[in-house]
Amino acid sequence: MRTTCLFVISLILSSGFWLGTNAHAASTIVLDPGHGGQDHGGIRGQKIKEKTMALDVALRAKPLLERQGYKVVMTRSTDVFIPLKERANIANRHKNSMLVSIHFDAYRRSGAHGISTFYMGKHGNYLSRSIHRELLASLGPTMNRGSKQRSLSVLKNSRVPATLLELGYLTNPKEGRKFLDPNYRQKAAEAIVRGINSYNVAYTSDRPRNAMDDSDETMVAQAEETPKPKRQTSFK
């Protein structure tokens, strides 16, 4: 059933019919691998570099999206640092676009684990929740830290639907080992693509069909959020 649905989505996207007739549908996907260059991401002493893992997942998602008819724009495709406002502006310059910023979490307590997604605005909310649900289904079992509104630079400066994903804790020994496996990173990329498709199909009208209610239990953190150490605000 899922294979059939994805095939139908692919036909609709490649024909341009859906994308051309719905003002909110995104035909251009801006993938934003977090950090880069001098900004490694994470915390001091972290062994697995966030910037490297984020770029790898984004590069895996890119051809998957292109095969389904999307135009894909990368804010970075190499190990360079792009200022945060410029990341948002890249998306703002493209008509019918969305911004998906890919990150990983870190915390000084190695037991912290789980998936978080963040958004601002109504359609950012729908996009965040769509991808969040697919990530939980593909990368679980893990802690559901919820989809939450947060005033992060790449989100508040975006004029298009945008979400920032925290795919897991690289400082957690078990979770970190999983992301060292290319197959697991591929699963993350595929989940992101399915979430984007779900948003485009279900959440692109002013009153989204089958949208998750704000009380949807699957989108609410299952445990108290672990506080994160302060990072330089220019990095997110």
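Being a predicted model, the structure only gives us computed values, none of them experimental. (Residues numbered from 1 in each chain as written. Predicted model: local features only at pLDDT ≥ 70, side-chain atom pairs only at ≥ 80, totals over all residues. Heavy atoms only, no water.)

**Q** Quick question: what am I supposed to make of the overall build of the protein here?
**A** In terms of regular secondary structure, the protein is built from eight helices and six strands. Its helices and strands in sequence order give the protein the pattern α-α-β-α-β-α-β-β-α-β-α-β-α-α, from N to C terminus. For the protein, with 236 residues in total, the buried portion stands at 55%. (Helix = DSSP H or I, 4+ residues; strand = E, 2+ residues; numbered from the N terminus. Buried < 20%, exposed > 50% of the residue type's maximum accessible area, 1.4 Å probe, protein only.)

**Q** Can you help me understand the nonpolar core in this one?
**A** One broad rule of soluble globular proteins: the nonpolar side chains tend to lie buried together. Core analysis: the biggest nonpolar cluster contains 38 residues, and L31, V100, I102, L167, F179, I192 and I196 have the highest contact counts within it. Those elements that provide at least two residues to this core are strand 1 (28–33), helix 3 (50–67), strand 2 (71–74), strand 3 (97–105), helix 5 (122–139), strand 6 (162–169) and helix 8 (182–202). Not counting residues up to four positions away in its chain, the partners in contact with I192 are V57, V100, I102, I131, L135 and L165. Among the nonpolar cores identified, the runner-up in size contains 13 residues, and V30, L99, L155 and V160 belong to it. (Core = buried A, V, L, I, M, F, W, Y, C linked by side-chain atoms within 4.5 Å. Contact = heavy atoms within 4.5 Å.)

**Q** Looking at this structure, how should I read the pattern of salt bridges?
**A** A side chain with one charge may pair with a side chain of the opposite charge, provided their charged atoms come close. This model, assessed by the stated rule, comprises seven salt bridges. The residue E66 makes a salt bridge to K62 at a minimum N-O spacing of 2.7 Å. With E66 and K62 both in helix 3 and four residues apart, this pair spans about one turn of that helix. Taking relative accessible area as the criterion, K62 reaches 23% and is therefore assigned partly exposed. Close ionic contact of E134 with R194 constitutes a salt bridge, the shortest N to O distance being 3.1 Å. (Salt bridge = Lys/Arg side-chain N within 4 Å of Asp/Glu carboxyl O.)

**Q** What am I meant to see in unusual backbone geometry here?
**A** A negative phi angle is the norm for most residues apart from glycine, just as the trans form is the norm for most peptide bonds. Along the chain, G140 connects to P141 via a cis peptide bond; the corresponding omega equals 0°. As for its placement among the helices and strands, P141 is situated in the loop between helix 5 and strand 5 (144–149). Although it is not a glycine, N96 sits at a positive phi angle of roughly 50°. Inspection of the secondary structure puts N96 in the loop between helix 4 (84–92) and strand 3.

**Q** Which parts of the structure should I look at to understand the sheet that holds strand 6?
**A** By way of backbone hydrogen bonds, the strands of a sheet pair with one another, either parallel or antiparallel. Strand order in the open sheet made by the six strands is 2-1-3-6-4-5, with mixed pairing throughout. Pairing within the sheet leaves two strands with one partner each, and these edge strands are strand 2 and strand 5. Neighbour-to-neighbour, the strand axes of this sheet turn through a mean angle of 20°, independent of strand direction. Of the pairings in the sheet, the one linking strand 4 (residues 115–119) to strand 6 comprises four bridges and is antiparallel in character. When the sheet's bridge partners are listed, F118 is paired in strand 6 with L164. On the sheet, helix 5 packs against strand 3, strand 4, strand 5 and strand 6 and is oriented at approximately 170° with respect to strand 4. (Pairing = 2+ DSSP bridges. Axes fitted to C-alpha atoms, helices over the stretch in contact; angles between N-to-C directions.)

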